[in-house]
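One letter stands for each residue in the lines below.
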Amino acid sequence: LRSPLGAVATASQFMLDTGELTEPHLTLTTRIAHSARRMTQMVHDLLDFTVGRLGSGVPITRGDVDLATVVRQSVEEMAVARPESVLQFTTSGDLRGRWDAARVSQVAANLLGNAVQHGAPKTLISVTLHGEPTEVVLRLHNYGPAIPASDFDGLFSPFKRFRSGGGTSRDSGSLGLGLYIAERIVSAHGGSIDVRSSAEAGTLFTVRLPR
């Protein structure tokens, strides 16, 4: 699937980049490009799911990484994709270590996407990185309906699509694999991920990555 989807994405983006399209062709081509990107991400998620469940876990390749750079890029990409979101990124301490930069970026993007999807519209989503002696801690906090207590047990299970506050879940076109893949990547790094959620305090995901 990746090859034909790549052709669709490349061709549609080339058509957009020419700047020569007029309506309704501009709108239709924009939809094609956007849908091709969503489908490609679904394929990548399914590949990660298959490897994680049937193989030896999600593969990682460690290298010298400054997590501030990695996570900042994820925040900036989300700000462009979802300009209605209110994002704040802060850092403190030493944020260097040996991790798989691409995979950690995937964790940040998945958690950000979850916060945008389920958080209250136009409320602050804060992303913080704090360096501790043996690990770096990533926290993502958003306000909005609490995660129902009945959903906590399976929150990081594959294909889990919970309903915030018991209401109707907003369809993001995902397969419900984002949190599962994030947890698998963090575990592959020897780290941990947990969540706290209440109507009063909002939802807080905490990721701990040993250096």
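One can find the structure itself at the top, above this paragraph.
Since the structure is predicted, the reported quantities are computational estimates derived from the model, not experimental observations.

K.L.:
Explanation requested: the environment of Lys-122 in the structure shown.
P.N.:
Among the structural elements, Lys-122 can be located in the loop between helix H4 (101–118) and strand E4 (124–131). For the pair Lys-122 and Val-86, spaced 36 residues apart in the sequence, the C-alpha separation amounts to 5.9 Å. Residues within four places of Lys-122 in sequence aside, it is in contact with Glu-84 and Val-86.

K.L.:
Even after reading the chapter, I still don't get the sheet that holds strand E2 (residues 86–92), so can you show me in this structure?
P.N.:
Think of a sheet as strands paired side by side through backbone hydrogen bonds, with each pair either parallel or antiparallel. Pairing within the open sheet is mixed, and its five strands lie in the order E2-E4-E5-E7-E6. Two strands in the sheet have a free side with no partner beyond their single neighbour: E2 and strand E6 (192–198). The sheet shows a mean angle of 10° between the axes of neighbouring strands, direction not considered. When E2 meets E4, the two strands line up parallel, connected through seven bridges. Each bridged residue has a counterpart across the sheet, and for Thr-91 the counterpart in E4 is Leu-129. Where H4 meets the sheet, it contacts E2, E4, strand E5 (135–142), E6 and strand E7 (202–210), and its direction lies at approximately 175° from that of E7. Across the sheet, helix H5 (residues 178–188) touches E6 and E7, and the angle it forms with E7 is around 30°.

Parameters at a glance
Residues numbered from 1 in each chain as written. Predicted model: local features only at pLDDT ≥ 70, side-chain atom pairs only at ≥ 80, totals over all residues. Heavy atoms only, no water. Helix = DSSP H or I, 4+ residues; strand = E, 2+ residues; numbered from the N terminus. Contact = heavy atoms within 4.5 Å. Pairing = 2+ DSSP bridges. Axes fitted to C-alpha atoms, helices over the stretch in contact; angles between N-to-C directions.

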